Amino acid sequence: MTDVLLKVNDLKVAYGRIEAVRSVSMEVRRGEFVGIIGSNGAGKTSVMRAISGVKSPSAGSITFDGVEITGLPSHTVVAKGLAMVPEGRHIFGDQTVEDNLILGAYLRGGRAKTQLAADTERVLDLFPVLRARLPQAAGSLSGGEQQMLAIARGLLSRPTLLIIDELSLGLAPKILDLLFPVLTELNRAGLSILLVEQMASYALQVTHRTYVMENGGVLMHGDSETLIGDPRILDTYLGHREAS
Ligand SMILES: Nc1ncnc2c1ncn2[C@@H]1O[C@H](COP(=O)(O)OP(=O)(O)OP(=O)(O)O)[C@@H](O)[C@H]1O
Ligand SMILES: [Mg+2]
């Protein structure tokens with residue numbers, strides 16, 4: 001068992017002639033809660049897409065749990081224990097909440113019914129509001145509830161690493177005050193988490209380490225506690241961006 005769970009090495013991602021990610025290296029150690037912050041268009045989602053197998057990188061390598069996963073399709077990556085909550089959540093709005101959850105479990109495959117029921121109970125305990133909504137169409141949920149569903153669905157694939165791209169997107173602060181503590185709780189229970197987050201102040205408070213991405217590269221990285229007091233972070237990411 002290696003201490004480094006996810007290792008991204010000199011990753012490049014391009015869309016035709018657009019080089020969205022020029023060179024990114026980062027890692028998530030076992031049990032860590034790691035954040036990625038950065039301006040719009042910095043390449044954060046592109047890195048996540050490459051990791052989760054949605055987009056093949058043009059160069060570089062990605063290793064998960066000691067195994068090279070570069071360019072492997074999403075379903076293979078999920079089966080290895082890496083779950084992705086994508087930007088925009090991508091839940092199936094015309095299907096019920098329950099069916100969306102079952103799909104999450106199915107993505108990992110090979111689960112006995114009793115085990116699935118127990119796993120489902122556990123995620124519903126984390127997000128009790130979803131319990132009453134199980135028979136409802138997922139599209140009828142509020143934005144916050146949809147984000148809870150997307151996380152719950154990810155958890156049902158029994159991941160070792162949970163990746164969330166823009167947890168806070170479109171959500172009110174009072175919902176975020178509910179969601180962030182759940183992530184902290186999951187991490188304390190042993191889940192490794194990689195969180196892309198535009199609300200830098202939230203991310204820096206809950207994560208152990210943070211990578212700052214700009215223009216397709218990593219501008220800086222370090223302990224979140226240290227970065228939160230760094231004048232460059234204060235000026236660029238904590239302040240006008242969130243006040244606007
Ligand atoms: N499908 C695509 N086709 C062409 N260009 C793309 C595509 N997706 C992203 N890009 C470009 O790649 C660059 C990086 O985009 P990406 O979505 O990875 O950034 P991001 O950091 O996630 O931004 P945001 O904070 O807005 O989510 C941007 O210049 C974007 O316009
Ligand atoms: Mg993005």
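Look up: the structure comes first, before these words.
Note that the coordinates shown come from a computational prediction; the quantities given were computed from them, not determined experimentally. All residue numbers refer to position in the chain's written sequence, counted from 1. For naming, the first written chain is A and the first written ligand is 1, with later ones following in the order written. Totals for whole chains, interfaces and linings use all residues, but because this is a predicted model, local features are given only for residues with pLDDT of at least 70 and pairs of side-chain atoms are given and counted only at 80 or more. Hydrogen atoms and water are omitted, and side-chain values are computed over all heavy atoms in the structure.

### Structural notes on the overall build of the chain
Okay, so step 1: Strands are runs of DSSP state E lasting at least two residues, helices are runs of H or I lasting at least four, and both sets are numbered from the N terminus onward. Looking only at helices and strands, the chain features 10 helices and 10 strands.
Okay, so step 2: Relative to the 2.2 N^0.38 estimate, which gives 18 Å for 244 residues, the radius of gyration of the chain is 17 Å and therefore close to what a compact globule would have.
Okay, so step 3: Reported as C-alpha extents along the three principal axes, the dimensions of the chain are approximately 45 × 40 × 35 Å.
Okay, so step 4: Each accessible area value is a Shrake-Rupley result obtained with a 1.4 Å probe; residue values ignore everything except the protein chains displayed when judging cover. Entry remark: accessible area of the chain is about 11,100 Å², with carbon and sulfur atoms responsible for 53%.
Okay, so step 5: Of the charged side chains in the chain, 24 are positive and 26 negative, and the gap between their average positions amounts to 4 Å. In this treatment the radius of gyration is a C-alpha quantity, and the globule benchmark scales as 2.2 Å times the residue count to the 0.38 power. Two residue types count as positive, namely Lys and Arg, and two as negative, namely Asp and Glu; His and chain ends fall outside the count. Here the site of a charge means atom NZ of a Lys, CZ of an Arg, CG of an Asp or CD of a Glu.

### A short note on the site of ligand 1
Okay, so step 1: In the region of ligand 1, 14 residues are neighbours, and G41, K44, T45, S46 and E87 sit closest.
Okay, so step 2: G43 places a polar main-chain atom, nitrogen or oxygen, 2.9 Å from an oxygen atom of ligand 1.
Okay, so step 3: For the purposes of these results, a polar contact is taken to be a pair of N or O atoms within 3.5 Å, where, inside protein, one atom must be able to donate a hydrogen and its partner to accept one; residues adjacent in sequence count only when each atom of the pair is a side-chain atom. Residue S46 places a side-chain N or O atom 2.6 Å away from an oxygen atom belonging to ligand 1.
Okay, so step 4: Contact with the protein chains hides 64% of the accessible area of ligand 1, taken as 630 Å² for the molecule alone.
Okay, so step 5: Looking at the shell around ligand 1, the elements with two or more residues in it are strand 2 (18–29) and helix 1 (44–52). Working definition: residue near molecule or strand if any one of its non-hydrogen atoms lies within 4 Å of it.

### Re the coordination of the magnesium ion (ligand 2)
Okay, so step 1: Note on donors: an N, O or S atom is included if it sits within 2.8 Å of the metal, or within 3.2 Å for Na, K and Ca, and water is never included, so sites can look incomplete. Ligation of the magnesium ion (ligand 2) by protein atoms is provided by T45 (OG1) and E87 (OE), these donors lying 2.0 to 2.3 Å from the ion. Here E87 lies in the loop between strand 6 (82–85) and helix 3 (97–108) and T45 lies in helix 1, a separation of 42 residues in the sequence.
Okay, so step 2: Buried residues are those whose accessible area, probed at 1.4 Å on protein chains only, stays under 20% of the maximum for their type, while exposed residues exceed 50% and partly exposed ones sit between those limits. Residue T45 is classed as buried on the basis of its relative accessible area, which comes to 16%.
Okay, so step 3: Accessibility expressed as a relative area gives 32% for E87, which makes it partly exposed.

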